[in-house]
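Each chain, written out:
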Amino acid sequence: MTESRPMTARPGGIPVRFRILALLFVLGFVNYLLRNNLSVALPSIHQEFGFSNTELGWILGSFNLSYALFQIPGGVFGDVYGPRRALTIIAVTWGVLTALTGFAPGLLVASATGAMVALMVTRFLMGIANAPVFPVSVGAIANWFPVGSWAFPNALQSSGLVLGQASLGPLVTLLIVEFGWRESFYLLAPVGLVAAAWWWWYGRDEPSQHRAITAAEIELINAGGHASAPK
């Protein structure tokens, strides 16, 4: 059963669906910022532990393996819990695992093999936490935008991913130079937690659950679905 909220908003201002889209844009930006920062830190990690190229490949491949395996389970996870809870949980997980990426190798620093295993495990878990983001975000867009008007919100969210990737190199490099590779992860980890809290505070699974939405906007969203239904 969906939670219903009283509609207290007045007409005017930015439609709520576009505010939700702005949050999805931020989540996409944060997602790529936190999922790929390891690639910038690899030279520093290689220098500290002396990993071979093959060992670095195992570390990077751990993410890709779990990311591929958990795409479908990630979509099921989003269907079961809804976009609000699902995206909050996975964004919190991004932040926690980003911090652990800097911390975990230090627990097993007595051996390079132990440090490699620690990094492989954290990257494998990071892949699991990243796998649902696209299926769940697309589900949120489907709930919040009329059928036939999904191209623009999907494109805008994708631009958030690209901008996150573009910001990654300069930002993480600066943090590594100024503070160190581990500290770069510690400093970026709270970004995931802030994004999760922001989404939980403002995001909702369905338009009818949002206090700021108007009856006219709900009608517009639902009308798209009716207009596109098979006759």
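So, here's what we can say about the structure. (Residues numbered from 1 in each chain as written. Predicted model: local features only at pLDDT ≥ 70, side-chain atom pairs only at ≥ 80, totals over all residues. Heavy atoms only, no water.)

Within the structure shown, the criterion is met by 2 salt bridges. Ionic pairing is found between Glu48 and Arg182, a salt bridge with its closest N-O pair at 2.9 Å. Pair noted here: Glu48 is in helix α2 (residues 37–49) and Arg182 is in helix α8 (residues 181–202), with a separation of 134 residues, a long-range link. For Arg182, a relative accessible area of 18% translates into the label buried. (Salt bridge = Lys/Arg side-chain N within 4 Å of Asp/Glu carboxyl O. Helix = DSSP H or I, 4+ residues; strand = E, 2+ residues; numbered from the N terminus. Buried < 20%, exposed > 50% of the residue type's maximum accessible area, 1.4 Å probe, protein only.)

Structurally, Arg123 is set in helix α5 (residues 112–130). For the buried Arg123, no salt bridge is present, and the opposite-charge side chain at shortest range is Glu55, 16 Å distant. (Lys, Arg positive; Asp, Glu negative; His and termini not counted.)

So, about the packing of helix α1 (residues 16–35) against α8. Interhelical geometry of α1 versus α8 gives an angle of 160° and a closest axis separation of 10 Å. With respect to α8, the axis of α1 lies roughly antiparallel. Remark: the crossing between α1 and α8 carries left-handed chirality. Residues Val16, Arg19, Ile20, Leu23, Leu24, Val26, Leu27, Val30, Leu33 and Leu34 of α1 form the contact with α8, whose participating residues are Leu188, Val191, Gly192, Ala195, Trp198, Trp199 and Tyr202. Considered class by class, the residues forming the contact of α1 with α8 number 15 nonpolar, 1 polar and 1 charged. (Axes fitted to C-alpha atoms, helices over the stretch in contact; angles between N-to-C directions. Parallel < 35°, antiparallel > 145°, perpendicular 65-115°, else oblique. Left-handed = near helix turned anticlockwise from the far one by under 90°. Contact = heavy atoms within 4.5 Å. Nonpolar A, V, L, I, M, F, W, Y, C, P; charged D, E, K, R; others polar.)

So, on to the packing of aromatic side chains. This structure, assessed with the given rule, holds 7 aromatic pairs. Centre to centre, the rings of Phe63 and Tyr67 are 5.5 Å apart; their planes meet at 15°, and the pair counts as stacked. You can see Phe63 and its partner Tyr67 sitting in helix α3 (residues 53–69), 4 residues apart, about one turn around the helix. Note on Phe63: relative accessible area 5%, which makes it buried. Tyr67 sits in the buried class, given a relative accessible area of 17%. (Phe/Tyr/Trp six-rings, centres within 6.5 Å; stacked < 30°, edge-to-face > 60°.)

What follows is about the side chain of Arg17. Tracing the chain through its elements places Arg17 in helix α1. Not counting chain neighbours up to four residues away, the residues in contact with Arg17 comprise Trp144, Phe145, Glu217, Leu220 and Ile221.

A few words now on the packing of helix α6 (residues 133–144) against helix α7 (residues 151–179). The relative placement of two packed helices comes down to the angle between their axes together with the axis-to-axis distance. At a minimum axis separation of 10 Å, α6 and α7 run at an interaxial angle of 145°. Note that α6 runs across α7; the crossing there is right-handed. Between α6, through Phe134, Ser137, Val138 and Ile141, and α7, the contact on the second element is made entirely by Pro153, Asn154, Gln157 and Leu161. Split by residue class, the contact of α6 with α7 holds 5 nonpolar, 3 polar and no charged.

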